[in-house]
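Chain by chain, the residues run as shown.
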Amino acid sequence: MQEVTAARLSARITDVTGLDVTDRQPFGPSSGEPFQLVNYGLGGHYSAHFDILKSQQTDYLRESGERIATFLLYLSDVDIGGHTVFVDAGISVAPVKGMALFWYNTNPALEQEPLTLHAGCPVLKGHKWIANKWIWTYGNMYRHPCGPSPNSTHLKVERIVNRRRHNIHAPH
Ligand SMILES: O=C(O)CCC(=O)C(=O)O
Ligand SMILES: [Fe+2]
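On a predicted model such as this, the values are computed, not experimentally measured, just so you know.

A.B. asks: Whenever I open this one, the site of ligand 1 confuses me. Can you help?
C.D. replies: Neighbouring residues of ligand 1: Tyr40, Tyr46, His49, Asp51, Leu72, Thr84, His118, Gly120, Lys128, Ile130, Asn132 and Trp134. One of the side-chain nitrogen or oxygen atoms of Thr84 is found 2.4 Å away from an oxygen atom of ligand 1. Within the contact set of ligand 1, an oxygen atom lies 2.8 Å away from a side-chain nitrogen or oxygen of Lys128. Notes on ligand 1: free accessible area 290 Å², of which the protein chains cover 99%.

Structure representation (structure tokens):
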């Protein structure tokens, strides 16, 4: 994806979601990852999964908090198949070029939202192109207040992110 296109798309995502998606790597913590482009051929699919990375110690996780939200943009129609399915929520979405899905992966306590378990169903005819933008805690503490309990404030989240960044494991 050309840089100009990616920057314009990121700005549009901020407009519609109200969330910061700035990628500051390698200089600092990021609010959004670079777009991930995916192309599925015939039979191509993605098994059921969650998008948050709680068990994987990536640089992003340490620095930026967690993938609080997913913005999934369909770059193509699919002749048959290729639906995005939220298996426990009972939602099935047929890809339409130019359409996007947006959902929060975490609850206000930054815990995994169980209903976000989702899959990309096999492409039966045609092909499927998507672009994912994963949006992180960092930079969104004030736009999307959340914390370790439903009553907590964004300030606590900021402390947690800072602790992770400096690898400090203090009790709450
Ligand atoms: O292809 C889809 O519809 C879903 C893709 C997805 O869940 C992912 O890339 O994380
Ligand atoms: Fe996913």
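Let us keep going from here.
A.B. asks: I would appreciate a short explanation of the packing of aromatic side chains in the present structure.
C.D. replies: Two aromatic rings, taken as a pair, are described by how far apart their centres are and by the angle between their planes. For the coordinates displayed, the defined rule picks out three aromatic pairs. Where Phe86 meets Trp103, the ring centres are 4.8 Å apart and the plane angle is 85 degrees; that geometry is what we call edge-to-face. With Phe86 in strand S5 (residues 84–86) and Trp103 in strand S7 (residues 100–104), the pair connects residues that are 17 residues apart, well separated along the chain. For Phe86, a relative accessible area of 9% puts it in the buried group. Each ring, one from Phe102 and one from Tyr104, has its centre 5.2 Å from the other, and the planes form 75 degrees; the classification is edge-to-face. Take Tyr104: its relative accessible area is 29%, and that puts it in the partly exposed class. An aromatic cluster is built from Phe71, Phe102 and Tyr104, whose rings are joined through pairwise contacts. Sitting over the face of the ring of Trp134, Arg67 holds its NZ or CZ atom 3.7 Å from the ring centroid. Sitting above the plane of the Tyr40 ring, Lys128 keeps its charged end 4.6 Å from the centroid.

A.B. asks: Hey, could you run me through the environment of Leu124 in this one?
C.D. replies: Looking at the element boundaries, Leu124 is found in strand S9 (residues 123–125). The spacing of Leu124 and Gly43 is 81 residues in sequence and 5.9 Å in space, taken between C-alpha atoms. In contact with Leu124, not counting residues within four places along its chain, are Leu42, Ile80 and Gly81.

A.B. asks: Just checking my understanding: could you explain the coordination of the iron ion (ligand 2) for this structure?
C.D. replies: Octahedral six-donor coordination of a metal ideally yields angles of 90 or 180 degrees, compared with 109.5 degrees for tetrahedral four-donor coordination. Donor atoms from the polypeptide that coordinate the iron ion (ligand 2) comprise His49 (NE2), Asp51 (OD) and His118 (NE2), at 2.1 to 2.2 Å from the metal. Counting residues between consecutive donors of the iron ion (ligand 2) along the chain gives the motif H-x1-D-x66-H. One end of the pair, Asp51, is in the loop between strand S2 (46–49) and helix H2 (59–64); the other, His118, is in strand S8 (residues 118–120), and 67 residues separate them in sequence. Note on accessibility: Asp51 and His118 belong to one class, buried.

A.B. asks: How do you make sense of the sheet that holds S7 when you look at a structure like this?
C.D. replies: Sheet strands pair by backbone hydrogen bonding; their relative direction is either parallel or antiparallel. The strand order across the open sheet formed by four strands is S1-S10-S3-S7, and the pairing between neighbours is antiparallel. In this open sheet, the two strands that pair with only one neighbour each are strand S1 (36–40) and S7. Mean inter-strand twist for the sheet, computed between neighbouring axes without regard to direction, equals 20 degrees. Sheet topology note: the strand S3 (residues 67–74)/S7 ladder contains five bridges and is antiparallel. By the bridge assignment for S7, Leu73 is matched with Ala100.

A.B. asks: What is the right way to read the sheet that holds S2 from this model?
C.D. replies: Spatially, four strands are ordered S2-S8-S5-S6 in an open sheet, and the strand pairing comes out antiparallel. The sheet is open, and its two borders are formed by S2 and strand S6 (91–93), each paired with just one other strand. Averaged over all pairs of adjacent strands, the angle between their axes in this sheet comes to 10 degrees, without regard to strand direction. Relative to S6, S5 runs antiparallel, the two sharing three bridges. By the bridge assignment, Phe86 is partnered in S6 with Ile91.

The rules we used
- Within any chain, residue numbers begin from 1 and follow the written order of that chain's sequence.
- Note on labels: chains are lettered from A, ligands numbered from 1, in written order.
- Reporting of local features is limited, given that this is a predicted model, to residues whose pLDDT is at least 70; pairs of side-chain atoms are given and counted only at 80 or more, and all residues count toward the totals for whole chains, interfaces and linings.
- Heavy atoms from the whole structure form the basis of all side-chain values; hydrogens and water molecules are not counted.
- Residue proximity to a molecule or strand is established when one non-hydrogen atom of the residue lies within 4 Å of it.
- Distance and chemistry together define a polar contact, namely a pair of N or O atoms within 3.5 Å, with one atom able to donate a hydrogen and the other to accept it when in protein, and with adjacent residues in sequence counting only for side-chain atoms on both sides.
- Per-residue and other accessible areas follow the Shrake-Rupley method at a 1.4 Å probe size, with only the shown protein chains counted as cover for residues.
- Pairing of aromatic rings covers Phe, Tyr and the six-membered ring of Trp, with a centre-to-centre limit of 6.5 Å; geometry is then stacked below 30 degrees between planes, edge-to-face above 60, and tilted otherwise.
- Each helix corresponds to a stretch of at least 4 residues labelled H or I by DSSP, and each strand to a stretch of at least 2 residues labelled E; elements are numbered beginning at the N terminus.
- When accessible area is computed with a 1.4 Å probe and restricted to protein chains, residues below 20% of their type maximum are described as buried, those above 50% as exposed, and intermediate ones as partly exposed.
- Both a distance and an angle decide whether a charge sits over a ring: NZ of Lys or CZ of Arg must be within 6 Å of the ring centre and within 35 degrees of the ring normal.
- Only heavy atoms matter for contacts: two residues are in contact if any of them lie within 4.5 Å across the pair.
- For Na, K and Ca the donor cut-off is 3.2 Å, and for all other metals it is 2.8 Å, counting N, O and S atoms only; because water is absent from this set, sites may look incomplete.
- At least two bridges found by DSSP between two strands are what make those strands a pair.
- Fitted lines through C-alpha atoms serve as axes, helices being fitted only where they are in contact, and the angles separating the N-to-C directions of these axes extend from 0 to 180 degrees.

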